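Chain and residue survey
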Amino acid sequence: MAGAAMALAAALGALSPALAQVPSTEGTFDAAVFAAAAKVQPKVVAWRRDIHEHPELGNREVRTAKLVADHLRKLGFEVRTGVAKTGVVAVLKGGKPGGVVALRADMDALPVAEQTGMPFASKVKTEYNGQTVPVMHACGHDAHVAILMGAAEVLAGMRDQIPGTVVLLFQPAEEGPPAGETGGAWLMIQDGALTNPKPDAVFGLHVAPGQPGRLAWRPGPMMAADDSYQITLKGRQTHGANPWAGIDIISMSADIVQAFNQIAARQIKVTITPTILTISTIHGGLRYNIIPEDLTMTGTLRSFDQTLRKEVMARAEKAVASISDRYGGSGEIAWGLPNPVTSNDLALTARMKPTLARAARGDIRDDIEYITGAEDFAFYQQQVPGLFYDLGIGFPPGVNHSPMFNVMDESALEVGVRAQALTALDFLQGTAPAR
Ligand SMILES: [Zn+2]
Ligand SMILES: [Zn+2]
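Scope of this entry: the structure provided in the associated data block. (Residues numbered from 1 in each chain as written. Chains lettered and ligands numbered in written order. Predicted model: local features only at pLDDT ≥ 70, side-chain atom pairs only at ≥ 80, totals over all residues. Heavy atoms only, no water.)

**With respect to the sheet that holds strand E1 (residues 78–83)**
Think of a sheet as strands paired side by side through backbone hydrogen bonds, with each pair either parallel or antiparallel. Sheet architecture is open: eight strands sit in the order E1-E2-E6-E3-E7-E18-E8-E17, paired in mixed fashion. Looking at which strands have only one partner, the edges of the open sheet turn out to be E1 and strand E17 (364–365). Bridge count for E1 against strand E2 (residues 87–93) is five bridges, and the pairing is antiparallel. Along E2, the bridge assignment pairs Thr-81 with Val-88. (Pairing = 2+ DSSP bridges. Helix = DSSP H or I, 4+ residues; strand = E, 2+ residues; numbered from the N terminus.)

**Considerations on the environment of Val-40**
Looking at the element boundaries, Val-40 is found in helix H3 (residues 30–53). A relative accessible area of 3% places Val-40 in the buried class. The residues contacting Val-40, other than those within four sequence positions of it, are Trp-47, Gly-150, Glu-153, Val-154 and Val-417. (Buried < 20%, exposed > 50% of the residue type's maximum accessible area, 1.4 Å probe, protein only. Contact = heavy atoms within 4.5 Å.)

**Details of unusual backbone geometry**
Of note, the amide linkage connecting Asn-196 to Pro-197 takes the cis form, showing an omega dihedral of 0°. Residue position: Pro-197 is located in the loop between helix H6 (185–190) and strand E7 (201–208). With a phi close to 75°, Ala-265 is a non-glycine residue in the positive phi region. Tracing the chain through its elements places Ala-265 in the loop between helix H7 (249–261) and strand E12 (276–283).

**Quick notes on the coordination of the zinc ion (ligand 2)**
Ideal geometry at a metal centre: 109.5 degrees between donors when four sit tetrahedrally, and 90 or 180 degrees when six sit octahedrally. In the first shell of the zinc ion (ligand 2), the protein supplies Cys-139 (SG), His-141 (NE2) and His-206 (NE2), at 2.1 to 2.4 Å from the metal. In primary sequence terms, the donor set of the zinc ion (ligand 2) follows C-x1-H-x64-H. The distance between the zinc ion (ligand 2) and the zinc ion (ligand 1) comes to 3.0 Å, with Cys-139 serving as a donor to both metals. Highlighted residues: Cys-139 in the loop between strand E5 (131–134) and helix H5 (141–157) and His-206 in strand E7, separated in sequence by 67 residues. There is no split in this pair, since Cys-139 and His-206 are both buried. (Donors = N, O, S within 2.8 Å, 3.2 Å for Na, K, Ca; no water.)

**Section: the pattern of salt bridges**
Scanning all chains against the criterion turns up 22 salt bridges. A salt bridge links Glu-311 to Arg-315, with the shortest nitrogen-to-oxygen separation between them at 3.6 Å. Within this pair, Glu-311 and its partner Arg-315 are both found in helix H8 (residues 306–327), separated by four residues, close to a single helical turn. Under the relative-accessibility criterion, Glu-311 is labelled partly exposed at 31%. Overall, the relative accessible area of 32% leaves Arg-315 in the partly exposed class. The network of salt bridges with shared partners includes Arg-48, Arg-49, Asp-142 and Glu-410. (Salt bridge = Lys/Arg side-chain N within 4 Å of Asp/Glu carboxyl O.)

**Some details on the nonpolar core**
A general tendency of soluble globular proteins is for nonpolar side chains to be buried together. Formed by 91 residues in total, the largest nonpolar core has its most connected members in Leu-168, Leu-169, Phe-170 and Leu-215. Of all hydrophobic cores here, the second largest spans 24 residues; its members include Leu-233, Leu-277, Met-297 and Leu-301. (Core = buried A, V, L, I, M, F, W, Y, C linked by side-chain atoms within 4.5 Å.)

**A few points about the pairing of E5**
As judged from the four bridges shared by strand E4 (residues 125–128) and E5, these two strands associate in the antiparallel manner. Each residue of the ladder has a partner; that of Lys-125, found in E5, is Pro-134. Where E4 folds back on E5, the antiparallel hairpin that results is connected by two residues, among which Asn-129 adopts a positive phi of roughly 50°.

**Brief notes about the packing of aromatic side chains**
The tally for this structure, following the rule as stated, stands at six aromatic pairs. Taking the centre distance of 6.1 Å and the plane angle of 70° together, the rings of Phe-203 and Phe-427 count as edge-to-face. One end of the pair, Phe-203, is in strand E7; the other, Phe-427, is in helix H11 (residues 411–431), and 224 residues separate them in sequence. With respect to burial, Phe-203 and Phe-427 carry one shared label: buried. Taking 4.7 Å as the distance between ring centres and 55° as the angle between the ring planes, the aromatic pair formed by Phe-304 and Tyr-370 counts as tilted. (Phe/Tyr/Trp six-rings, centres within 6.5 Å; stacked < 30°, edge-to-face > 60°.)

**Points about H3**
If you check H3, its first and last C-alpha atoms are 33 Å apart, about what 24 residues at 1.5 Å a residue would give, namely 34 Å. Taken as a whole, H3 carries its principal kink of about 45° at Gln-41; the proline Pro-42 stands between one and four residues after it. Restricting attention to buried positions, one finds in H3 the residues Asp-30, Val-33, Phe-34, Ala-37, Val-40, Gln-41, Val-44, Val-45, Trp-47, Arg-48, Ile-51 and His-52. Next to the buried residues of H3 lie helix H4 (62–75), H5, helix H9 (346–359) and H11. (Expected span 1.5 Å × (residues − 1). Bend = angle between axes of the 7 residues up to and from the residue.)

**So, the sheet that holds strand E10 (residues 225–234)**
The four strands lie next to each other as E12-E14-E10-E15, forming an open sheet whose pairing is antiparallel. With one partner strand each, in any of the chains shown, E12 and strand E15 (330–335) form the two edges of the open sheet. Direction aside, the axes of adjacent strands within the sheet are offset by 20° on average. Examined bridge by bridge, E10 and E15 share six bridges and lie antiparallel to one another. Bridge pairing links Thr-232 to Glu-332 in E15. Along the sheet face, H7 touches E10, E12, strand E14 (294–303) and E15 and points at about 155° away from the line of E10. Sitting on the sheet, H8 is in contact with E10, E12, E14 and E15, with an inclination near 160° to E15. (Axes fitted to C-alpha atoms, helices over the stretch in contact; angles between N-to-C directions.)

Here it is as structure tokens:
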């Protein structure tokens, strides 16, 4: 609720008392950043293609992390490796006094069989949760790594002029760790990625289908909280010919699907912020004529509002309990570790809007719709003010996570490099002591 009010205030332009207090940085670093980003662009393209051809799943980004760490050491960063398993945290102290800013790129790929037909398409297969699976950078994290390596080179070249310290967070397992492991932004924070030094702000970007080089975001809540869950049902096994002789958990599961689909919009108001409750998998049974004893279902709850989230959870639990009870079986719902809402700090977002506009030569949208996808950048934003934005990369035949996802227009990568470098520099300029 508060989130919606804040987003509305942002849309009306009523949010920027902080803006006036920040010294104007208009254009200070632009010429140097634009020139350096253009110069590093061929390398960024080559890195992205190389990383794309050699994708690694979450917590297994060994080759990628080495590529990153070697590059950053050469540039003069202080480099910590093995953070959150395979993460890299790198610090560049500028030549002038000022605050600390962090830039983040995620490094992991997905178990997807690539179908782009590109010359550098992935042919990699690996072990994942006990199965052999194909691996692909189907979410564009290859681009994120290449962009931040490029921004690192731009920033290192301007080191003497940097008013403060830049921290780079190359993070593993944004898509979630393999079964039985922890990982991602949460573990980066546990492992001290945001201490020594502690950033005053954090910036990150995500490539997405859209006008090439366009930067897009919304102030306040932008991407949903993600609560995964597993439902375990227990009935009494029986012959398919005699369902009355047992407890039919197949029918129970069907009732639960129907009940869940009637929660959002029928019992929960969905006009404030999107609230999505989805059952994605159902596993049960071995034979066409045996109704099984056990069945599991998994799914996800996406929400933007804490009160609505709690209400949906309570209603989902009640539905599972009452339907199980009605059939005489038993049912339980277990919630996974929550991923919070990715929420852009209002003052920071207002302050950085001119910077992003210059980085994208004016091609920005700051009023995009809520995104019901989730992003673990949210964990950093719980610790320090943060801004997360999308970078358009053209219109691939498939969206993120599809086997056809691709950076269609690689010129967009250069905009990403400019945006990462300029947000860091302009933010630090605003923290520098007055002279
Ligand atoms: Zn993804
Ligand atoms: Zn992603």
